[in-house]
Amino acid sequence: MKASEPAIAYNTRTLQNLKSQLVMAIDATKDIRKLQACLDLLQTETMPCVFSEEEFDEEIKASEQSGFATEEEVRTAFAKWGVYK
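Residues numbered from 1 in each chain as written. Predicted model: local features only at pLDDT ≥ 70, side-chain atom pairs only at ≥ 80, totals over all residues. Heavy atoms only, no water.

Colleague: I tried to follow the pattern of salt bridges on my own but got confused; where do I start?
Modeller: Any two side chains of opposite charge can pair, on the condition that their charged atoms come close. In the structure shown here, the tally under the stated rule is two salt bridges. Between Arg33 and Asp31 there is a salt bridge; the shortest N-O distance is 3.8 Å. What makes Asp31 partly exposed here is its relative accessible area of 30%. Salt-bridge contacts for Glu71 lead to Arg75; the nearest nitrogen and oxygen are separated by 3.5 Å. A residue pair is termed a helical-turn pair when its members lie 3 or 4 positions apart in one helix, as Glu71 and Arg75 do in helix α4 (residues 71-79) at four residues. For Glu71, a relative accessible area of 46% translates into the label partly exposed. (Salt bridge = Lys/Arg side-chain N within 4 Å of Asp/Glu carboxyl O. Buried < 20%, exposed > 50% of the residue type's maximum accessible area, 1.4 Å probe, protein only. Helix = DSSP H or I, 4+ residues; strand = E, 2+ residues; numbered from the N terminus.)

Encoded structure:
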């Protein structure tokens, strides 16, 4: 454990509770794409979207240069969650 990490993150009861919640969520899920995405995430060496300071600065710069999304782009992006119809 790193000194900067809270000890509670490694508490056996907390870990077991998280595992139990994962198992219940997996059992309730019928979407194979969602299950595959979860499996892929759990099997990765590092967490996705973890950037060095320099990489993060580049991501922000690229995002700012790309401009604003149109209303139609926002609707399309959020339609999959049923936010916009």
